[in-house]
Amino acid sequence: EPEVTQTPSHQVTQMGQEVILRCVPISNHLYFYWYRQILGQKVEFLVSFYNNEISEKSEIFDDQFSVERPDGSNFTLKIRSTKLEDSAMYFCASSEISSGNTIYFGEGSWLTVV
Amino acid sequence: KNEVEQSPQNLTAQEGEFITINCSYSVGISALHWLQQHPGGGIVSLFMLSSGKKKHGRLIATINIQEKHSSLHITASHPRDSAVYICAVRDPGGGADGLTFGKGTHLIIQP
């Protein structure tokens, strides 16, 4: 079965460093998403991406964050200058079309900022 | 923007019991998702509903649009069903809107 793959599975970084989380969505999918889950809390929406641009972003997705689809297969989330509170599990997800379709999640990238 | 509430927060049951997890939301939706999160953290989609009822194996999901309520049922529960079950909704705009998640129901099925 096709799957969304994420790398790295776990990254530890120093506060202030830049981090790039990578995702390979399912190949025929058109909508891509990043979500995060701080330990013990609920999953929160960060950003959605369609047709090579951001469709929607939450209040969490401030100027520290950016997304890119550099080569037609990868979908990346960049955090420019990490803060301690950025420590969380980051999930990439994709769907074939938007509201009418199942959404597929990756296994997550666990980011620890020290 | 929707607020999503789930109940119960925690549920421990014996193997074989019939399980019901509830989800309510505050505004209209274009779709409601039931998700399963494993202890390792990975999230798997179980159902996507916009009306009526869906069944997959021992899992049944129902939604009542008028009451803004959905239920997830597990029949003949098994220890391998132990996981966090999450309700998530997409606002009526649809499009590429992100999902709004509930806090999840932590289910433990004891042998």
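Here the structure is shown first, and the text comes after it.
Please read all numbers here as calculations on a predicted model, not as lab measurements. (Residues numbered from 1 in each chain as written. Chains lettered and ligands numbered in written order. Predicted model: local features only at pLDDT ≥ 70, side-chain atom pairs only at ≥ 80, totals over all residues. Heavy atoms only, no water.)

### What to know about the nonpolar core
If you look at soluble globular proteins, the nonpolar side chains tend to sit buried side by side. In plain terms, the rule: We call a set of buried Ala, Val, Leu, Ile, Met, Phe, Trp, Tyr and Cys residues a nonpolar core when their side-chain atoms join them within 4.5 Å. Classification of residues uses two cut-offs on accessible area relative to the type maximum, computed with a 1.4 Å probe and protein chains only: under 20% is buried, over 50% is exposed, and between them is partly exposed. For helices the rule is a DSSP run of H or I covering at least 4 residues; for strands it is a run of E covering at least 2, with both sets numbered from the N terminus onward. In this analysis, two residues are considered to be in contact whenever any of their non-hydrogen atoms come within 4.5 Å of each other.
Counting residues in each nonpolar core, the largest one holds 23 residues, and the members touching the most others are B:I19, B:L32, B:W34, B:L46, B:F47, B:L72 and B:Y85. Every element with two or more residues in this core is listed here: strand 3 (19-25), strand 4 (31-37), strand 5 (43-49), strand 7 (59-64), strand 8 (69-74), strand 9 (83-90) and strand 11 (105-110) of chain B. Excluding residues within four positions of it along the chain, B:L72 makes contact with B:I19, B:T20, B:I21, B:W34, B:L46, B:F47, B:I60, B:A61 and B:Y85. In terms of nonpolar packing, the next biggest core, distinct from the first, is built from 22 residues, A:V4, A:C23, A:L46 and A:V47 among them.

### Thoughts on the interface of chain B and chain A
Note the threshold: The buried area of a pairing is the accessible area, by a 1.4 Å probe, that goes missing from both parts when the two are put together, added over both. For this document, the term salt bridge refers to a Lys or Arg side-chain nitrogen within 4 Å of an Asp or Glu carboxyl oxygen. Counting of polar contacts relies on pairs of N or O atoms within 3.5 Å, with two restrictions inside protein: one atom must be capable of donating a hydrogen and the other of accepting it, and residues adjacent in sequence are counted only when both atoms are side-chain atoms.
Across the boundary between the two partners, chain B contributes 23 residues, which contact 21 residues of chain A. Interface area for chain B against chain A, summed over the two sides, is near 1,700 Å², with a carbon-plus-sulfur share of 58%. Between the two partners, chain B and chain A, sit one salt bridge. B:K1 is the partner of A:E56 in a salt bridge, and the nearest nitrogen-oxygen pair spans 4.0 Å. Counting across the chain B and chain A interface gives three residue pairs in polar contact (both at pLDDT 80 or more). For the side of chain B that touches chain A, the element with the highest residue contribution is strand 4 of chain B, accounting for four residues.

### Thoughts on a nonpolar patch on the surface
Residues and elements named next belong to chain A. The test is simple: A patch is a set of surface residues, each over 30% in relative accessible area and not in a salt bridge, joined within 9 Å for like charges and within 5 Å for the nonpolar side chains Val, Leu, Ile, Met, Phe, Trp and Tyr. Working definition of accessibility: Shrake-Rupley area with a 1.4 Å probe, residue cover restricted to the visible protein chains.
Together, L30, Y50 and I97 make up an exposed nonpolar region whose accessible area comes to about 260 Å². Considering the arrangement of structural elements, one finds L30 in the loop between strand 3 (19-24) and strand 4 (31-37). Note on L30: relative accessible area 43%, which makes it partly exposed.

### Description of the environment of B:F47
Residue and element names in this part refer to chain B. Within the secondary structure layout, F47 lies in strand 5. You can call F47 buried: its relative accessible area is 5%. Sequence separation of F47 and L72 is 25 residues, and the distance between their C-alpha atoms is 9.3 Å. Once you skip the residues sitting within four places of it in the chain, F47 turns out to touch L32, H33, W34, K54, K55, H56, L59, I60, A61 and L72.

### Description of the state of the cysteines
Put simply, the rule is: In what follows, a disulfide is any cysteine sulfur pair within 2.5 Å.
Counted by the stated rule, this structure contains two disulfides over all chains. Paired by a disulfide, A:C23 and A:C92 hold their sulfur atoms 1.9 Å apart. In this structure the cystine formed by A:C23 and A:C92 twists about its S-S bond by roughly -65°; its chirality is therefore left-handed. In this pair, A:C23 is assigned in strand 3 and A:C92 in strand 9 (residues 88-95), connecting sequence segments 69 residues apart. With a relative accessible area of 0%, A:C92 lands in the buried category. What pairs with B:C23 in a disulfide is B:C87, and their sulfur atoms sit 2.0 Å apart. Linking B:C23 and B:C87, the disulfide has an S-S dihedral of approximately -60° and is accordingly described as left-handed. Remark: B:C87 occurs in strand 9 and B:C23 occurs in strand 3; sequence separation between them is 64 residues.

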